Each structure stands twice: as C-alpha cells, then as structure tokens.
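A structural walkthrough
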Amino acid sequence: GTLAGGLGPTLSGYFIQGGLKYGLYDAFKPEVAALLGDSVPPLVALACAGVAAELIASTALCPLEAARIKQVGDPLYNGLSTPAALQLLLTSDRGLAAGFDGLAP
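Okay, so let's go over this structure. (Residues numbered from 1 in each chain as written. Predicted model: local features only at pLDDT ≥ 70, side-chain atom pairs only at ≥ 80, totals over all residues. Heavy atoms only, no water.)

Our next topic: the overall build of the chain. Scanning the chain from N- to C-terminus turns up three helices and zero strands. In the chain, the order of α-helices and β-strands from amino to carboxyl end is α-α-α. Each of the 105 residues in the chain was classed as buried or not, and the buried ones make up 26%. Put simply, 56% of the contacts in the chain that link residues at least 6 apart link residues at least 24 apart. Entry remark: accessible area of the chain is about 6,600 Å², with carbon and sulfur atoms responsible for 69%. (Helix = DSSP H or I, 4+ residues; strand = E, 2+ residues; numbered from the N terminus. Buried < 20%, exposed > 50% of the residue type's maximum accessible area, 1.4 Å probe, protein only. Contact = heavy atoms within 4.5 Å. Areas by Shrake-Rupley, 256 points an atom, 1.4 Å probe, with all protein chains shown as cover.)

In structure tokens form, the structure reads like this:
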C-alpha cells in the first residue's frame, strides 16, 4: 500500500546512517580522547565521540527521510524509486535545502 512506498528510503537511509554512525564513532574515539586528554574520564570522551558521530549521521539521513515522506504523501513522488525520488527532491527549486526541511523547528 501507500505506507510501504516509503520503505525503500527508510531502509537505505538507516543503513547509511548506521554505517556512518559506527564508522565515524570508531574514527572519532581516538581523536576525541587525544583532544580531551587525561583531564576527563574515558567514558566522557567516548560519549563525545558518539554524539559527534550521531549528529553527522542523522544529518546525512535527512534527505532520505524527506524523500520517504514525499513518496508517501505527494502524488508526484508516488511510485518513484528511492534514487529517483531523492533526485527529484534535491533538484527542485529549493535544491539541497529541500532535503533538510525537518531540521528547522
């Protein structure tokens, strides 16, 4: 049905977000620990690395979530593949900003 139309962007988006989150977390752990030094407990450094990785990964997820919402709620996007919906969204008049509508309160 209609709700299943957004399943592709959801799965691909969370796959990308998960890969970014865990990859960046592993990359950030030693960098953040070196930056903070011995003045903070190691758990704080790990938490800071996790927060930074999550922020970047969740921001990267926004355009795919926006495409998913469009696929479910906009007849123009209904039936498009995930890459096609994302391309249509990002090449609209608003450009890249259209993929980040969910960030503003």
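Right, let's talk about the packing of helix α2 (residues 42-73) against helix α3 (residues 82-90) for a bit. Between α2 and α3, the shortest axis-to-axis distance is 9 Å and the interhelical angle comes to 100 degrees. When the axis of α2 is compared with that of α3, the two are roughly perpendicular. Between α2, through Pro63, Leu64, Ala66, Ala67, Lys70 and Gln71, and α3, the contact on the second element is made entirely by Thr82, Ala85, Leu86, Leu89 and Leu90. Across the contact of α2 with α3, the residue classes tally to eight nonpolar, two polar and one charged. (Axes fitted to C-alpha atoms, helices over the stretch in contact; angles between N-to-C directions. Parallel < 35°, antiparallel > 145°, perpendicular 65-115°, else oblique. Nonpolar A, V, L, I, M, F, W, Y, C, P; charged D, E, K, R; others polar.)

On the surface, Phe15, Ile16 and Leu20 cluster together into a nonpolar patch covering about 310 Å² of accessible area. Relative to the elements of secondary structure, Ile16 occurs in helix α1 (residues 7-36). (Patch = residues over 30% accessible without salt bridge, like charges linked within 9 Å, V, L, I, M, F, W, Y side chains within 5 Å. Salt bridge = Lys/Arg side-chain N within 4 Å of Asp/Glu carboxyl O.)

If the charged atoms of two oppositely charged side chains come close together, the side chains can form a pair. Per the stated rule, a full pass over the model turns up four salt bridges. The partner of Asp26 in a salt bridge is Lys29, with the nearest N and O atoms 3.3 Å apart. Residue Asp26 and its partner Lys29 are located together in helix α1, separated by three residues, close to a single helical turn. Of the residues examined, Asp26 reaches a relative accessible area of 48% and is grouped as partly exposed. Residue class for Lys29 comes out partly exposed when judged on its relative accessible area of 28%.

The complete set of buried residues in α3 reads Thr82, Ala85 and Leu89. Taken around the axis of α3, the buried residues stretch over an arc of 65 degrees, which confines them to a single face. Facing away from the buried side of α3, by more than 90 degrees, are the exposed residues Pro83 and Gln87. (Arc of directions from axis to C-beta.)

Now for the nonpolar core. The biggest cluster of nonpolar side chains holds six residues, and these are Ala66, Ala67, Tyr77, Ala85, Leu89 and Ala98. Of all the secondary structure elements, the ones that give two or more residues to this core are α2 and α3. (Core = buried A, V, L, I, M, F, W, Y, C linked by side-chain atoms within 4.5 Å.)

So, on to the side chain of Gln17. Position of Gln17 among the secondary structure elements: in helix α1. Judged by its relative accessible area of 8%, Gln17 is buried. Apart from residues no more than four positions distant in its own chain, Gln17 is found in contact with Glu54, Ala57, Ser58 and Leu61.

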